[in-house]
Amino acid sequence: MRDQEIDRDPPPTDVLAAEYVLGVLDDSQRLQTRLRIGRDPAFARLVADWASRLAPLDEEFADEPVPAHVWPRLRTRLGWSPVEGRAPVASTGSGFWKASAAAGFAAAAVLAVVALQRPGPGEI
């Protein structure tokens, strides 16, 4: 029963950011997370931090296709239904990391522009 309770609660912010960078979220979660990155600068920085921390792993390991039989077995071992429609797509190559880093830098740039355009306390 404990596992079912965990599934209903949204993941903590830090875990969600890491899962987004790792590419383990389903399509719906990934879309919601992308939207959150666009509207929540602190969360966008957290995602960029995770992308930066995990980037060395992308360089360390070679890309390998995941055999089709792995996903159903993994889902079964996690106690989920063996088939969910389609297998998750693993991100490969450095393009994912570059895009994640670019999104983080873009969010930081927007924050910088907004912060610089706000009038100070004596300027109003």
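The model shown is predicted, which means the values in this text are computed figures rather than measured ones.

On a plain count of helices and strands, the chain comes out with 6 helices and 0 strands. Counting across all 124 residues of the chain, residues that qualify as buried make up 20%. Contacts in the chain between residues at least 24 apart in sequence constitute 60% of all its contacts with a sequence separation of at least 6. Approximately 9,400 Å² of the chain is accessible, and the part contributed by carbon and sulfur atoms is 60%.

Picture a little ball the size of a water molecule; that probe, rolled over the atoms, points out where space is still empty. As enumerated under the stated definition, the model contains 1 cavity of 30 Å³ or more in all. Here the largest cavity defines a volume of roughly 30 Å³. Taken together, Y20, I37, A44, V47, A48, S100, A103 and G104 form the lining of the largest cavity. The set of elements that each furnish at least two residues to the lining of the largest cavity consists of α4 (41–60) and α6 (95–117). A breakdown of the residues in the lining of the largest cavity according to their chemical character gives 6 nonpolar, 2 polar and no charged.

What follows covers the nonpolar core. Counting 15 residues, the largest nonpolar core has A17, V21, I37, F43, V47 and W50 as the members making the most contacts within it. Among the secondary structure elements, those contributing two or more residues to this core are α2 (13–22) and α4. Top contributing element to this core by residue count: α4, with 7 residues. For F43, the residues in contact, after removing those within four places along its chain, are T13, L16, A17, T33, R36 and I37.

With that out of the way, let us pick up the confidence of the model for the chain. With 65% of its residues at a pLDDT of 70 or more, the chain has an overall mean of 75. Predicted confidence in the chain is weakest over helix α1 (residues 2–8), with a mean pLDDT of 50, and strongest over helix α3 (residues 27–39), with 93. Long-range and interchain partners of residues 1–6, a stretch whose pLDDT sits below 50, account for 0 contacts in this model, where long-range means more than four residues apart.

The full count for this structure, using the stated rule, is 0 aromatic pairs. Against the face of F43 rests R36, its NZ or CZ located 4.3 Å from the ring centre.

Okay, α3 next. For α3, which comprises 13 residues, the first-to-last C-alpha distance of 19 Å matches the rise-based estimate of 18 Å (1.5 Å per residue) to within 8%. At the N-terminal boundary of α3, the capping side chain belongs to D26, with an oxygen 3.1 Å from the backbone nitrogen of S28.

Next up on the list: the pattern of salt bridges. Throughout the structure, instances matching the rule amount to 1 salt bridge. R36 is the salt-bridge partner of D40, the closest N and O atoms lying 3.5 Å from each other. Relative accessible area serves as the criterion here: at 23%, D40 is assigned to the partly exposed category.

In this section: α4. In a regular helix each residue adds 1.5 Å, so 20 residues correspond to 28 Å; α4 covers 30 Å between its end C-alpha atoms and thus fits that length. Largest kink in α4: about 35°, centred on L54, with the proline P56 one to four residues after it. Listed as buried for α4 are F43, A44, L46, V47, A48, W50, A51 and L54.

How each quantity is defined
Sequence order as written defines the numbering, with residues in each chain counted from 1. At least 70 in pLDDT is required for a residue's local features to be given in this predicted model, at least 80 for side-chain atom pairs to be given and counted, and no such filter applies to totals for whole chains, interfaces and linings, which use all residues. To obtain the side-chain values, all non-hydrogen atoms of the structure were included, while hydrogens and water were left out. Helix and strand assignments come from DSSP, with helices taken as H or I runs of at least 4 residues and strands as E runs of at least 2, each series counted from the N terminus. Each residue is assigned to one of three classes by its accessible area relative to the maximum for its type, calculated with a 1.4 Å probe on protein chains only: buried under 20%, partly exposed between the two thresholds, exposed over 50%. The contact definition used throughout considers only heavy atoms, calling two residues in contact when any of these lie within 4.5 Å. Note on areas: these come from Shrake-Rupley sampling with a 1.4 Å probe, and a residue is covered only by the protein chains present in the view. Definitions used for this entry: grid spacing 1 Å over protein atoms alone; cavity, a set of points where a 1.4 Å probe fits but cannot get out; pocket, an open set with protein on both sides within 12 Å along at least 5 of 7 lines; lining residue, one with an atom within 4 Å of a point. Grid points are joined across faces, edges and corners, and a volume is the space filled by probe spheres set on the points. Ten residues, namely Ala, Val, Leu, Ile, Met, Phe, Trp, Tyr, Cys and Pro, are considered nonpolar, four, namely Asp, Glu, Lys and Arg, are considered charged, and the remaining ones, Gly among them, are considered polar. Definition of nonpolar core: a set of buried residues of the types Ala, Val, Leu, Ile, Met, Phe, Trp, Tyr and Cys, connected through side-chain atoms within 4.5 Å. Note: pLDDT gives the predictor's confidence per residue, expressed from 0 to 100. Aromatic pairs are defined between Phe, Tyr and Trp rings, using the six-membered ring for Trp, whenever the two ring centres lie within 6.5 Å; interplanar angles under 30 degrees are classed as stacked, those over 60 as edge-to-face, and all others as tilted. Both a distance and an angle decide whether a charge sits over a ring: NZ of Lys or CZ of Arg must be within 6 Å of the ring centre and within 35 degrees of the ring normal. Every helix has an expected span of 1.5 Å times one less than the residues it contains. For the purposes of these results, a polar contact is taken to be a pair of N or O atoms within 3.5 Å, where, inside protein, one atom must be able to donate a hydrogen and its partner to accept one; residues adjacent in sequence count only when each atom of the pair is a side-chain atom. Take a side-chain nitrogen of Lys or Arg and a carboxyl oxygen of Asp or Glu: if they are within 4 Å of each other, that pair is a salt bridge. Bend at a residue means the angle formed by two fitted axes: the first through the 7 residues ending at that position, the second through the 7 residues beginning there.

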